[in-house]
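Results of the structural survey
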Protein chains: 2
Amino acid sequence: MTITITAFERSPDGGRGLARDMHVRWALEEVAQPYEVRLVSFQAMKEAAHLARQPFGQIPTYEEDDLVLFETGAIVLHIAQRHAGLLPDDANARARAICWMFAAVNTVEPPILELATARLLEGDKPWRDERSPLVEERVRVRLKQLSARLGDADWLDDAFSAGDLMMASVLLRLKSSGMLDAFPNLAAYLARNETRPAYKRAFATQLAVNAGGPPTG
Amino acid sequence: MTITITAFERSPDGGRGLARDMHVRWALEEVAQPYEVRLVSFQAMKEAAHLARQPFGQIPTYEEDDLVLFETGAIVLHIAQRHAGLLPDDANARARAICWMFAAVNTVEPPILELATARLLEGDKPWRDERSPLVEERVRVRLKQLSARLGDADWLDDAFSAGDLMMASVLLRLKSSGMLDAFPNLAAYLARNETRPAYKRAFATQLAVNAGGPPTG
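Residues numbered from 1 in each chain as written. Chains lettered and ligands numbered in written order. Predicted model: local features only at pLDDT ≥ 70, side-chain atom pairs only at ≥ 80, totals over all residues. Heavy atoms only, no water.

An unreviewed UniProt entry lists chain A under the name Glutathione S-transferase family protein, from Methylocystis parvus.

1. Here we look at the overall build of chain A
Within chain A, the secondary structure is distributed over nine helices and four strands. Element order for chain A, N to C, with α for helix and β for strand: β-α-β-α-α-β-β-α-α-α-α-α-α. Radius of gyration (C-alpha) of chain A: 17 Å, near the 17 Å computed for a compact globule of 217 residues. In terms of overall dimensions, chain A has a C-alpha envelope of 50 × 50 × 30 Å along the principal axes. When contacts within chain A are restricted to residue pairs at least 6 apart in sequence, long-range pairs at least 24 apart make up 69% of them. Of the roughly 9,000 Å² of accessible surface on chain A, 52% is carried by carbon and sulfur atoms. (Helix = DSSP H or I, 4+ residues; strand = E, 2+ residues; numbered from the N terminus. Rg over C-alpha atoms; globule rule 2.2 N^0.38 Å. Contact = heavy atoms within 4.5 Å. Areas by Shrake-Rupley, 256 points an atom, 1.4 Å probe, with all protein chains shown as cover.)

2. Examining the pattern of salt bridges
What the rule picks out here adds up to 40 salt bridges over all chains. A salt bridge links Arg128(A) to Asp129(A), with the shortest nitrogen-to-oxygen separation between them at 3.1 Å. You can call Arg128(A) partly exposed: its relative accessible area is 40%. Residue classification places Asp129(A) among the exposed residues on the basis of a relative accessible area of 58%. One salt bridge connects Asp154(B) with Arg192(B), and the closest N-O pair in it is separated by 3.6 Å. Separated by 38 residues along the polypeptide, Asp154(B) in the loop between α6 (128-150) and α7 (162-171) and Arg192(B) in helix α8 (residues 184-194) bring together distant segments of the chain. Salt bridges sharing common partners tie together Glu114(A), Glu122(A), Arg131(A), Arg138(A), Glu114(B), Glu122(B), Arg131(B) and Arg138(B). (Salt bridge = Lys/Arg side-chain N within 4 Å of Asp/Glu carboxyl O. Buried < 20%, exposed > 50% of the residue type's maximum accessible area, 1.4 Å probe, protein only.)

3. A short note on the layout of surface pockets
By volume, the second largest pocket amounts to about 200 Å³. Taken together, Ala74(A), Leu77(A), His78(A), Gln81(A), Arg82(A), Gln81(B), Leu87(B), Ala91(B), Arg94(B), Ala95(B) and Ile98(B) make up the lining of the second largest pocket. Elements with a minimum of two residues in the lining of the second largest pocket: α4 (72-82) of chain A together with α5 (91-120) of chain B. Top element by residues in the lining of the second largest pocket is α4(A). It accounts for five residues. (1 Å grid on protein atoms, 1.4 Å probe; cavity = no way out; pocket = protein on both sides within 12 Å on 5 of 7 lines; lining within 4 Å. Points joined across faces, edges and corners; volume = space filled by probe spheres on them.)

4. Details of the UniProt feature "domain: GST N-terminal" (unreviewed entry) in chain A
As recorded in UniProt, the sites labelled "domain: GST N-terminal" (unreviewed entry) are residues 8-87 of chain A. With 39% helix and 18% strand, residues 8-87 of chain A has end C-alpha atoms that lie 28 Å from one another. (UniProt positions renumbered as here; feature names shortened; annotations may be inferred.)

5. Observations regarding the state of the cysteines
In the structure shown here, the tally under the stated rule is zero disulfides over all chains. Here Cys99(A) stays free of any disulfide, with the sulfur of Cys99(B) as its closest cysteine sulfur at 19 Å. By relative accessible area, which is 1% here, Cys99(B) ends up buried. (Disulfide = S-S within 2.5 Å.)

6. Let's talk about empty space enclosed by the protein
Residue and element names in this part refer to chain B. For the structure on display, the rule yields three cavities of 30 Å³ or more. By volume, the largest cavity is sized at about 60 Å³. What lines the largest cavity is Ala 7, Phe 8, Ser 11, Asp 13, Ala 19, Asp 21, Arg 25, Gln 206, Val 209 and Asn 210. Breaking the lining of the largest cavity down by element, the ones donating at least two residues are β1 (3-8), α1 (21-30) and α9 (197-209). Across the lining of the largest cavity, the residue classes tally to four nonpolar, three polar and three charged. (Nonpolar A, V, L, I, M, F, W, Y, C, P; charged D, E, K, R; others polar.)

7. With respect to the packing of aromatic side chains
A ring pair, where both rings are aromatic, is described by two values, the distance of the centres and the angle of the planes. Residue and element names in this part refer to chain A. Evaluated as defined, the whole model comprises 19 aromatic pairs over all chains. Arranged with centres 6.1 Å apart and planes meeting at 20 degrees, the rings of Tyr 199 and Phe 203 form a pair that is stacked. Within this pair, Tyr 199 and its partner Phe 203 are both found in helix α9 (residues 197-209), separated by four residues, close to a single helical turn. A residue is classified by how much of its surface remains accessible, and Phe 203, at 24% relative accessible area, is partly exposed. Three or more aromatic residues joined by ring pairs make a cluster, and in this case those are Trp 26, Trp 155, Phe 160, Tyr 189, Tyr 199 and Phe 203. Across the ring face of Phe 160, the terminal group of Arg 196 is positioned such that the distance to the ring centre comes to 3.5 Å. (Phe/Tyr/Trp six-rings, centres within 6.5 Å; stacked < 30°, edge-to-face > 60°. Lys NZ or Arg CZ within 6 Å of the ring centre and 35° of its normal.)

8. Overview of the interface of chain A and chain B
Quite often, the size of an interface is put as the accessible area lost when its parts meet. Contacts between the two partners involve 50 residues from chain A and, on the opposite side, 49 residues from chain B. Here chain A packs against chain B, burying approximately 4,300 Å² in sum over the two surfaces, 60% of which is carbon and sulfur. At the junction of chain A with chain B, the criterion picks out 14 residue pairs in polar contact (both at pLDDT 80 or more). In terms of residue count, the dominant contributor to the side of chain A that touches chain B is helix α5 (residues 91-120) of chain A (16 residues). (Buried area = accessible area lost by both parts, 1.4 Å probe. Polar contact = N/O pair within 3.5 Å; in protein donor to acceptor, adjacent residues only side chain to side chain.)

Right, here's the structure in full:
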């Protein structure tokens, strides 16, 4: 069985680990599965061959024999269900870990993506300065709730799981904003994830692809 | 085994089926599992007892013996994995159905929620009229991609699955906007979901709770 994933030929973030192939690389490193990478250009992502695998023209995709998957959360869950290391054995604990995967992508990430959109796509609009604090406050509400639940625990539910992998990947988007500074336990939680050997290996591998920095033009 | 879910005491949508308990009710009807409902007020949702079950102060939650789950997607997946009727038997087809669950909540829903936020929370802002078309265009991009993939198929991947349940629940948020009119296959897909007996039973049950209409004040 050969696993092949797709990733940006040149990531818009220049290799800071924010592109979503990073989640999948990290998951595969946690479960010690080798994988191959097919790099795709921005143009190729919108062409029929890629759209057949990923209907929304994004990366990553995941291929394993005749199985083709898309959506980062679904790929990470597939890896976690197929190999030991990302989900607990106990059925109830597994279900709770999956709650955190969905909480990451459907509750915590949306306002963070909205903030990124405001900066990237609406940074030149006249409403930028007045609207930014509104969007930041929506992010802060979620961080406050997440911080309250995490408390002084190391991980979201007992042991490290795919739920932590997905949540840390979402929080990583805020690292450069300074917004995590107000939540020391979340900043420490993110750092705890980043020091995992599997994370470090995945990060180094995607950085090597993007060694030239972000794409120009 | 008794299943208990939580729902709004009075839903902000007045029973149009947009509150997220609807997804869970529909899933439970599809797999023919009886359930009980505990209604919670807006105030109770922010109190410690509810936050212990749902750290973000939302509904629904799901309780089954000593298991407590939150996040709609995770609850629907748990139901689908535990009971026949929402996921195919073939392992690869199951993984593909789960792709569509994540695509619904992490790719198609975010711009739709952003549009709802723009109308609900920023409807009185000076940028409303100039910004609305930008947000609508982000929604339209996703609809166009989803429409292209669906084509003239009845369901997203062969037979009806939890992936369709989640995607239809997301599209339902656009029903009153008229945006689906430009994508007849998506409008027909949504209608196909709405005519399922399980959907109808779930819809009628949540409507009965909200028979008085949306909450005032």
